[in-house]
Amino acid sequence: MHKFPFLKLFATLLLCGFVVKANADVIAVIVPHNQTIHQIGSSELSLIFWRKKLYWADGKRIQTLNYASNNSIRIQFSLAILKSMPETQADYWNGLYFHGISPPYVVSSQEAMLRFVADSPGGIGYIDACKLDNRVKPIAWISAGRNLLSSAPELNCPE
């Protein structure tokens, strides 16, 4: 009877190993191309995605975006910036809901992320750095090793 929790944990860890291999080499944290911010640190990024910082320095309301909790890029971002798995964040958001603070919007694809951020003053999100285009600008990069970088690393994008 006590073997089942261990087997469930083992299966989860095994599954996580496969998810990690599907991650982006580098994640780009993106804002609209005309946003005045040019760099951001991990502490500020964490405050923004935990919705503890709600406004940019220029007074624009920050509009955070996420992917679904099982998305490999979200898992990589969550571990690097929020120091937790997306599934464990549900209790946090449920508690804040009753204080009038909603979790970040959820988009279903990287193209949706690009479009929403590009068209939303104050928007912030993240994508596989190989998917960057001129609709948005990157303000930080997260390496596969979960390090936040302030300058663009060398990318190994497929042709």
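Each chain carries its own residue numbering, running from 1 in the direction its sequence is written. With pLDDT at 70 or above as the cut-off, local features in this predicted model cover only qualifying residues; side-chain atom pairs require 80 or more to be listed or tallied, and sums for whole chains, interfaces and linings still use all residues. Hydrogens are left out, water is left out, and the side-chain values use all remaining heavy atoms of the structure.

A. Layout of the confidence of the model for the protein. Summary of the metric used: pLDDT quantifies the predictor's per-residue confidence within the range 0 to 100. Chain-level statistics for the protein give a pLDDT mean of 86 and a share of 86% at 70 or above. By mean pLDDT, helix H1 (residues 3-21) is the weakest element of the protein at 40, and strand S4 (residues 123-128) is the strongest at 98. We call two residues in contact when some of their heavy atoms are within 4.5 Å. Below pLDDT 50 for its whole length, residues 1-22 participates in three contacts with residues either more than four positions away or in separate chains. Helix numbers and strand numbers start at the N terminus; a helix is a DSSP run of H or I with at least 4 residues, a strand a run of E with at least 2.

B. Examining the environment of Cys-130 more closely. For Cys-130, the position within the fold is in the loop between S4 and strand S5 (136-143). The spacing of Cys-130 and Cys-157 is 27 residues in sequence and 5.5 Å in space, taken between C-alpha atoms.

C. Local environment of the packing of aromatic side chains. Stacked, tilted and edge-to-face pairs are distinguished by plane angle, under 30 degrees for stacked and over 60 for edge-to-face with tilted covering the rest, among Phe, Tyr and Trp rings (Trp via its six-membered ring) whose centres lie within 6.5 Å. In total, this model carries nine aromatic pairs according to the counting rule given. When the ring of Trp-50 is compared with that of Tyr-92, the centres are 4.5 Å apart and the planes differ by 70°; the resulting orientation is edge-to-face. Of the two residues, Trp-50 is situated in the loop between helix H2 (42-49) and strand S2 (63-67) and Tyr-92 in helix H4 (residues 90-97); the sequence distance between them amounts to 42 residues. Note on Trp-50: relative accessible area 15%, which makes it buried. Note on Tyr-92 and Trp-93: the rings are 4.9 Å apart at their centroids and 80° apart in plane angle, and the pair reads as edge-to-face. Partly exposed describes any residue whose relative accessible area lies between the buried limit of under 20% and the exposed limit of over 50%, with all areas from a 1.4 Å probe on protein chains only and scaled to the type maximum. By relative accessible area, which is 9% here, Trp-93 ends up buried.

D. Looking closely at unusual backbone geometry. We note that Arg-51 has phi near 60°; this positive angle belongs to a residue other than glycine. By secondary structure assignment, the location of Arg-51 is in the loop between H2 and S2.

E. Expanded view of the pairing of S5. Within S5, seven of the eight residues are buried, which leaves it mostly tucked inside the rest of the structure. Any two strands are treated as partners once DSSP identifies two or more bridges connecting them. In this structure, strand S1 (residues 26-32) lies alongside S5, joined through seven bridges in antiparallel fashion. Residue Val-31 lies in a different strand from S5, and its bridge partner there is Lys-137. Sheet analysis places S5 next to strand S6 (residues 148-149), joined by two bridges and oriented antiparallel.

F. Just the sheet that holds S4, in detail. In spatial order, the strands read S3-S2-S4-S1-S5-S6; together these six strands make up an open sheet with mixed pairing. The outermost strands of the open sheet, each flanked by one partner alone, are strand S3 (105-107) and S6. Bridge count between S2 and S4: two bridges; the pairing is parallel. Within S4, the position partnered with Gln-63 by the bridge is Gly-123. Against the sheet, H2 engages S1, S2, S4 and S6, with an angle of about 110° to S4. Where helices are involved, their axes are fitted lines through C-alpha atoms of the stretch in contact, as for all axes, and angles between N-to-C directions lie from 0 to 180°. Those strands touched by helix H3 (residues 72-82) are S1, S2, S4, S5 and S6, and its axis lies near 70° from that of S5.

G. Seen up close, the state of the cysteines. What counts as a disulfide here is a pair of cysteine sulfur atoms lying within 2.5 Å. Under the definition given, this model contains one disulfide. Note on cysteine connectivity: Cys-130 is disulfide-linked to Cys-157, with sulfurs 2.0 Å apart. Between Cys-130 and Cys-157, the disulfide has an S-S torsion of -90° and is therefore left-handed. Linking Cys-130 in the loop between S4 and S5 with Cys-157 in the segment after S6, this pair joins segments that are 27 residues apart in sequence.

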